[in-house]
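# Residue-level structure breakdown
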Amino acid sequence: MSDPGAPFVDPTFHIYNSYVSDPPYQIAFTVVWTVFTGVCVLVAAPKLLRSIRNKRAWQRGVWENVYGTAYAPLTLPEKIIPPPKRNISWLWSAIEKHSMWKIPYVNLDLGQLAILSGYIATILICITLKSPLMESPNRAGFLAIAQLPAIFLFATKNGILSVLLGRGYEKLNFLHRWAGRFLFLSVTIHGSLWIHNDRTAGTPIIGSEKETLGVAAYGILGIIVLSSLPFVRKFAYQAFFIIHVLGYVSFFVVISYHTLYAVPWIFAPLAFYGLDLFVRMIRLRIKDAVLVAVDNEMTLIHVHNCDGGWIAGQHVQLRVFFSGRMFESHPLTILNSPSPTSCTSSGELILGARVCGDWTRALNDVARLGEKQNVHVNVMIDGPYGGSTVDIGEYDTALLVAGGSGITFTLGLLDDIVGRVVNLKRSGGERTTRIEFVWCIKSFGSISWFAPMLSDIAKKVEGSTLDLHVKIFVTCLCDPEAVPAIPNCEVVLEKPKVSQLLNDVLAPPTDVESGKRNRGRGDGGLAVAVSGPEALTSEAQNVVARVPVSQIRKMGGLALHTEIFSL
């Protein structure tokens, strides 16, 4: 019998080795999202340079004037307001406005949805491209691990990305949340297909060490995702935080034993988190403070020996050492600007806590115990964080709208811009000449929360080149005689519409007061800042998105910043 020779082997046939073929797709995914992030940084570079020039790019933390020198308004003459430059800066406003459309029921705007769509599309392409996914589901696992750096980069409060993009961590946090969900989706694809293959082959799902660790890692991720749902964060934040920290530490340990290919992708998250902790430690401050209960719904915290280290609109994480509650940390917005600028205070940082939970209720109860004398406490300050993405001083007109306790954000912006114009004499080239300040509140009695500060700012404006008008909308006929006197303030009993407020601002002024120069020229740009419940900020985004491009060009640009206060 003759020898038939070696069997024929198809040269195109090869055994798929996922440990060789799949890692390049991890690199491809990483290149895509890092390049996109780099492009965003380049787009934001002009704004970053302006912030650096104005010393508003990054704050090292709250500091005290240890030399004891007093602050006094500048005696130099006020700088002449430069005429608006005719350039194409309005064009970016016209482009950006289309991304502001708020998508109902998903808590995302059109710009955020576009970014997330690109992210998930990149993930799915990298998982499925040239991959025998049913036979070898490892590709989805590799892509899950590759998402860890992005998740931690967009989660840290003190990340370099917030500085480069000019946006606080809270504006980037949606990327952290959704990237975590997409990681869970990738792991679900990876694990479910392996379980399917095991059941088909008749092998036990939990048998070898590798499979057991894989199931354990998936269970830990499931707990993290479930505990991160909005209602859990709202009603049990401390439990959410503890589960989050313990969960990712456990996940890192388990996944490293599940596959050695995960170890290199853990270094970057650890570096991001380590940097965050380091910066947080050097910015921590322990200060003396005084609690003042305005009424049974609002508590003011006056933190002493704080002269600077923050900008208007920023917030801090506050711990108050009282009644055994020292382990609870809560974010509170700073009401005033630093001492050299502020029109309302000197040498202190003021916070406002509206009663909305057990911690704020306990704080208010402690403050009301000292109605005849101040209640002194020690506080720990972590921050500042966040802040407005719009510098009001770069615009001719400003519209500041607040709902409820959202005034803590807009009041800080108002104090800042008035102080920069009146106290600092427009030394930073501020162009603002007209400010419309709007506050929507449930009862007349709530006006007293911040009436002294509003009154101080309004009095400071008198005789200056600024035109400030305060309008307070009250939605409930409760205690109408409790309306404090605030200069140039109008109180009305109705619910405002953002569209009407914007139309009123865009309309040319009907009167010109003596001494008001170039008031609301209408061609120097409009800055809008809205803070309050999500319904209010969503309405503002959709109203701004509807403004015609021709009108944006005519007014010289339109910028919007929203801050959600869901109390």
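Described in the following lines is the structure provided in the data block. (Residues numbered from 1 in each chain as written. Predicted model: local features only at pLDDT ≥ 70, side-chain atom pairs only at ≥ 80, totals over all residues. Heavy atoms only, no water.)

### Description of helix α4 (residues 110-128)
- In this model, α4 (19 residues) spans 27 Å end to end at C-alpha, consistent with the 27 Å of a helix rising 1.5 Å per residue.
- Along α4, the positions that sit buried rather than exposed are G111, Q112, L116, Y119, I120, T122, I123, C126 and I127. Buried positions in α4, seen along its axis, are confined to an arc of 165° and lie on one side of it.
- Its buried side turned inward, α4 meets α2 (23-53), β2 (108-109), α5 (138-146), α6 (148-153) and α8 (169-201). (Helix = DSSP H or I, 4+ residues; strand = E, 2+ residues; numbered from the N terminus. Expected span 1.5 Å × (residues − 1). Buried < 20%, exposed > 50% of the residue type's maximum accessible area, 1.4 Å probe, protein only. Arc of directions from axis to C-beta. Contact = heavy atoms within 4.5 Å.)

### Side note on the pattern of salt bridges
- Tallied over the full model, the rule gives 15 salt bridges.
- For K287, the salt bridge is made with E64, and the minimal N-O distance between the two is 3.6 Å. Taken as a pair, K287 in strand β3 (residues 285-293) and E64 in the loop between α2 and α3 (89-96) lie far apart in primary sequence, 223 residues in all.
- With its nearest N and O atoms 3.8 Å apart, the salt bridge here joins D382 to R280. On the criterion of sequence distance, the pair formed by D382 in strand β8 (residues 375-386) and R280 in helix α12 (residues 264-283) is long-range, its members being 102 residues apart.
- Accessibility expressed as a relative area gives 8% for D382, which makes it buried.
- For R280, a relative accessible area of 21% puts it in the partly exposed group. (Salt bridge = Lys/Arg side-chain N within 4 Å of Asp/Glu carboxyl O.)

### Quick notes on the sheet that holds β3
- Pairing within the open sheet is antiparallel, and its 6 strands lie in the order β6-β5-β8-β3-β4-β7. The outermost strands of the open sheet, each flanked by one partner alone, are β6 (330-333) and β7 (348-354). On average, each strand axis in the sheet is tilted by 40° relative to the strand beside it, whichever way the strands run.
- For strand β5 (residues 314-320) and β6, the ladder comprises 4 bridges, and the chain directions are antiparallel. From the neighbouring strand, V316 faces β6, where its bridge partner is L332.
- Across the face of the sheet, helix α13 (residues 358-368) comes into contact with β3, β4 (298-304), β5, β6, β7 and β8 while running at roughly 70° to β3. (Pairing = 2+ DSSP bridges. Axes fitted to C-alpha atoms, helices over the stretch in contact; angles between N-to-C directions.)

### Some thoughts on the packing of helix α16 (residues 498-506) against helix α17 (residues 534-545)
- Between α16 and α17, whose axes approach to 9 Å, the crossing angle comes to 50°. With respect to each other, α16 and α17 are oriented oblique. Crossing geometry of α16 relative to α17 is assigned as right-handed. Contact residues: V498, S499 and L502 in α16; L536, E539, A540 and V543 in α17. (Parallel < 35°, antiparallel > 145°, perpendicular 65-115°, else oblique. Left-handed = near helix turned anticlockwise from the far one by under 90°.)

### Thoughts on the packing of α2 against α4
- It is the contact of α2 with α4, at a shortest axis distance of 9 Å, that shows an interaxial angle of 165°. With respect to α4, the element α2 is oriented roughly antiparallel. Crossing of α2 against α4: the hand is right-handed. Residue-level contacts link Y25, F29, V32 and F36 of α2 to I115, Y119, T122, I123 and C126 of α4.
- Here the residues of the contact of α2 with α4 are counted per class, giving 8 nonpolar, 1 polar and no charged. (Nonpolar A, V, L, I, M, F, W, Y, C, P; charged D, E, K, R; others polar.)

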